[in-house]
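# Notes for the structure review
If you want the building blocks of each chain, they are given just below.
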Amino acid sequence: MSKPVVLIVDDEPDLLELVSLTLSRMSLETHTAADVASAQRLLKAQHFDLCLTDMRLPDGDGLDLVEWIQTHRTDVPVAVITAHGNIQSAVRALKLGAFDFVSKPLDLSVLRKLVGSAIKLGARADDATATTASARLLGHSPIMQQLREMIGRVARSQAPVHIYGESGTGKELVARLIHESGARSEGPFVPVNCGAIPTELMESELFGHKRGSFTGAVADKKGLVQSAEGGTLFLDEVADLPLHMQVKLLRLVQEKTIRPVGESREESVDVRILSATHKNLSDLVAEGRFREDLFYRINVIELRVASLRERPEDIPVLAGAILARLCRRMKMETARISAEAMQALQAYPFPGNVRELENVLERALTLSTGGVITPEHIKLRAVQRGAAPHTPASAPVNGSVGLGHQLEDIEREAIVKALEKTRYNKTAAAKLLGMTFRALRYRIKKLGIE
Ligand SMILES: Nc1ncnc2c1ncn2[C@@H]1O[C@H](COP(=O)(O)OP(=O)(O)OP(=O)(O)O)[C@@H](O)[C@H]1O
Ligand SMILES: [Mg+2]
């Protein structure tokens, strides 16, 4: 693998040398620029895995460069070097999309950590097997800026955070960012899809088991919780946890202890707990399907990830970044989206949020020729603008009475089609629909299919 490449922008030769030297020792390739204009030239000319810029530059300031990168080179993570104590400009940089800052005088160990985690983020973005496509949260809308700020704040705390929002809004990405920007970033991030593990295996998957504790337990096995030791455990689709597991998790959250299956003693673990769901947990509590005590424990801090409908102004930046990533993956020149096509995208309500945008663009890219995506390439589902998918996590839309039903009809139709296609094999149908078996079963019941 080739060395990651970093661009350092600063007009002070001493600082430039210090940073270059530090990064070279981390076996990174470094390039330098002394002003905004030459930095932009370099960024246009070649790929960088990270850009590190000083705030005050001869022809502008670091913020200009941060902003420029957010529109022109969205794939490059950028961090700023701020003057000592200048928290305000650091915050402004973060709001504009910088992923972090270091202040002068430079603490080299802080710098190394920052660069290390940025390069890791980049590596993950290129890793085709990773569940996240990019470990950066893009978007300039006020809601996204607020979310980024909240992430920075909660990352410093050790409290459990519950993330909620519609499907495909970026909940897992938010969880990863909280982990990456916190004190546990060197530790593991372990996502657990609570809806995907068969109920009868869940306890041993999560807490591990002792050899011989049940048929098939041929050796001691570590659970997912233990493998998150020192890091973060991300309970995704936490609403799908069966009640008997909820009791056990409560013990973990409350006492920081677990007991592997077949083990007589409890062991203590050090994990931070993040959770997410697209369902409304308090409704589930009211229905008696989610324990209230667990709800209050995992819900100490709540983060809501807004639907794409609430922030259409983020669509151009997201689309640009997604397209750049797709093209890179397919080893082709970066394609462009025509103005009309972009308009069409911005007028569409995206019930599947960012994930749907990714799918739409991937398909469009396949259909396009000559590196330009036009409206014909964009096949959008027939969903009316203003129509919110019927998920409890979405804010009520004014005058949307009736739309819920309309969407339920669309959903019902999709499910019936998938079932017919798979000859009523629910497992296969769920796969086809991109949902868990349990989620499908739940919806079939809710919509009264069968
Ligand atoms: N603000 C964002 N900037 C960049 N990429 C994003 C953003 N939000 C979402 N994505 C991308 O969209 C995809 C879906 O995000 P993610 O898996 O985090 O969503 P989710 O809310 O967990 O979805 P689901 O409910 O379906 O599990 C991912 O590829 C993610 O990288
Ligand atoms: Mg998810």
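See the structure shown above.
All of these numbers come straight from a predicted model, not from anything done at the bench.

### Digging into the site of ligand 1
Within the structure, ligand 1 sits among 19 residues, and Leu-138, Gly-168, Lys-171, Arg-355 and Glu-358 are positioned closest to it. Thr-169 places a polar main-chain atom, nitrogen or oxygen, 3.3 Å from an oxygen atom of ligand 1. Between an oxygen atom of ligand 1 and a main-chain N or O atom of Gly-170, the distance comes to 3.0 Å. Considering ligand 1 on its own, with 630 Å² of exposed area, one finds that the protein chains cover 93% of that surface. Contributing elements (two or more residues each) for the shell around ligand 1: helix 7 (171–180) and helix 15 (353–367).

### Some points on the sheet that holds strand 1 (residues 5–9)
Two pairing modes exist for strands in a sheet, parallel and antiparallel, and in both the strands are linked by backbone hydrogen bonds. Strands sit in the order 2-1-3-6-7 across an open sheet of five strands; the sheet is parallel. Edge positions in the sheet fall to strand 2 (29–33) and strand 7 (100–103), since each of these pairs with one other strand and no more. Taken over all neighbouring pairs, the strand axes of this sheet differ in orientation by 20° on average, direction set aside. In the sheet, strand 3 (residues 50–54) pairs with strand 6 (residues 78–82) via four bridges, with the strands oriented parallel. Bridge pairing in strand 6 places Asp-54 opposite Ile-81.

### Structural notes on the sheet that holds strand 8 (residues 161–164)
Pairing is parallel across the open sheet formed by five strands, whose spatial order is 9-10-13-8-14. Single-partner strands in this sheet number two, and they are strand 9 (189–193) and strand 14 (301–304). Strand-to-strand, the axes of this sheet are offset by a mean angle of 20°, without reference to chain direction. One ladder, built from five bridges, connects strand 9 with strand 10 (residues 232–236); its direction is parallel.

### Quick look at the pattern of salt bridges
Enumeration over the complete set of coordinates arrives at 17 salt bridges. Lys-104 is the partner of Asp-54 in a salt bridge, and the nearest nitrogen-oxygen pair spans 3.3 Å. With Asp-54 in strand 3 and Lys-104 in the loop between strand 7 and helix 5 (108–126), this pair connects stretches of sequence that are 50 residues apart. Both residues of the pair, Asp-54 and Lys-104, belong to the buried class. With its nearest N and O atoms 2.6 Å apart, the salt bridge here joins Arg-309 to Glu-166. Pair noted here: Arg-309 is in the loop between strand 14 and helix 13 (315–329) and Glu-166 is in the loop between strand 8 and helix 7, with a separation of 143 residues, a long-range link. Both residues of the pair, Arg-309 and Glu-166, belong to the buried class. Connected through salt bridges with shared partners, the residues Glu-12, Asp-54 and Lys-104 form a single ionic network.

### Side note on the packing of helix 8 (residues 199–207) against helix 10 (residues 243–255)
Contact geometry of helix 8 with helix 10 gives a least axis separation of 10 Å together with a crossing angle of 15°. Between helix 8 and helix 10, the crossing angle belongs to the class labelled roughly parallel. Note on packing geometry: the crossing formed by helix 8 with helix 10 is right-handed. Across from Thr-199, Met-202, Glu-203, Leu-206 and Phe-207 in helix 8, the residues of helix 10 making contact are His-244, Met-245, Lys-248 and Leu-249. Across the contact of helix 8 with helix 10, the residue classes tally to five nonpolar, two polar and two charged.

### Details of the side chain of Asn-353
When you line up the elements, Asn-353 lands in helix 15. If we ignore the near neighbours within four places in the chain, the residues touching Asn-353 are Glu-166, Ser-167, Gly-168, Thr-169, Ser-307 and Leu-308.

### Things to note about helix 8
Those residues of helix 8 lying buried are Met-202, Glu-203, Ser-204, Leu-206 and Phe-207. In the stretch just after helix 8, Gly-208 is the one whose phi turns positive, near 80°.

### Notes on the nonpolar core
Counting residues in hydrophobic clusters, the biggest one holds 30 residues, and the most contacted among them are Val-225, Leu-233, Leu-235, Leu-252, Leu-281 and Phe-290. Elements represented by at least two residues in this core include exactly strand 9, helix 8, strand 10, helix 10, helix 11 (281–286) and helix 12 (292–298). Per-element accounting of this core gives the leading share, five residues, to helix 10. If near-sequence neighbours (up to four positions away) are discounted, Leu-235 is found in contact with Val-192, Cys-194, Leu-249, Ile-273, Leu-274, Ser-275 and Ala-276. Ile-315, Leu-318, Leu-323 and Cys-327 belong to the second-largest nonpolar core, a separate cluster that totals 26 residues.

### Thoughts on the packing of helix 13 against helix 15
Running from N to C, helix 13 and helix 15 cross one another at 50°; their axes reach a closest spacing of 10 Å. The angle between helix 13 and helix 15 places the two elements in the oblique class. Once helix 13 is placed against helix 15, the crossing between them reads as right-handed. Taken together, the residues of helix 15 that come into contact with helix 13 (itself represented by Ile-315, Leu-318, Ala-319, Ile-322, Leu-323, Arg-325, Leu-326, Cys-327 and Arg-329) are Val-354, Leu-357, Glu-358, Leu-361, Glu-362 and Leu-365. A class-by-class count of the residues in the contact of helix 13 with helix 15 yields eleven nonpolar, no polar and four charged.

### Side note on the side chain of Gln-226
Along the chain, Gln-226 turns up in helix 9 (residues 224–227). Looking at Gln-226, the relative accessible area reads 11%, which means it is buried. Within the structure, the side chain of Gln-226 is placed 3.1 Å from the backbone nitrogen of Gly-223, a separation counted as a polar contact. Other than its neighbours up to four places away in sequence, Gln-226 contacts Leu-206, Phe-207, Gly-208, Ile-258, Pro-260, Glu-267 and Val-269.

What counts, and where the lines are drawn
What you see as residue numbers is a count from 1 along each chain, following the sequence as written. As they are written, the chains are lettered A onward and the ligands numbered 1 onward, keeping that order. Given that the model is predicted, a residue must reach a pLDDT of at least 70 before its local features are reported, and side-chain atom pairs must reach 80 or more before they are shown or counted; all residues, however, enter totals for whole chains, interfaces and linings. Note that the side-chain values use all heavy atoms of the structure and ignore hydrogens as well as water. Residues are classed as near a molecule or strand on a simple rule: at least one heavy atom within 4 Å of it. N or O atoms within 3.5 Å of each other form a polar contact, as long as, within protein, one can give a hydrogen and the other can take it, and as long as residues adjacent in sequence are counted only when both atoms are side-chain atoms. In short, Shrake-Rupley with a 1.4 Å probe defines the accessible areas, and a residue's cover is counted only from the protein chains shown. Each helix is a run of H or I in the DSSP string that is no shorter than four residues. Each strand is a run of E no shorter than two, and both are numbered from the N terminus. What makes two strands pair is DSSP finding at least two bridges between them. Helix axes use the C-alpha atoms of the stretch in contact, all axes being lines fitted to C-alpha atoms, and the angles between their N-to-C directions lie in the range 0 to 180 degrees. Any Lys or Arg side-chain nitrogen located within 4 Å of an Asp or Glu carboxyl oxygen qualifies as a salt bridge. With a 1.4 Å probe rolled over the protein chains alone, any residue whose accessible area is under 20% of its type maximum counts as buried; one over 50% counts as exposed, and the rest are partly exposed. Angle categories: roughly parallel below 35 degrees, roughly antiparallel above 145, roughly perpendicular from 65 to 115, and oblique for all the rest. Note on convention: the crossing is left-handed when the near helix lies turned anticlockwise from the far helix by less than a right angle, right-handed when the turn is clockwise. Note on definitions: a residue-residue contact is assigned when non-hydrogen atoms from the two residues lie within 4.5 Å. Residue polarity follows a fixed list, in which Ala, Val, Leu, Ile, Met, Phe, Trp, Tyr, Cys and Pro are nonpolar, Asp, Glu, Lys and Arg are charged, and the others, Gly among them, are polar. We define a nonpolar core as any set of buried Ala, Val, Leu, Ile, Met, Phe, Trp, Tyr and Cys residues linked to one another through side-chain atoms lying within 4.5 Å.

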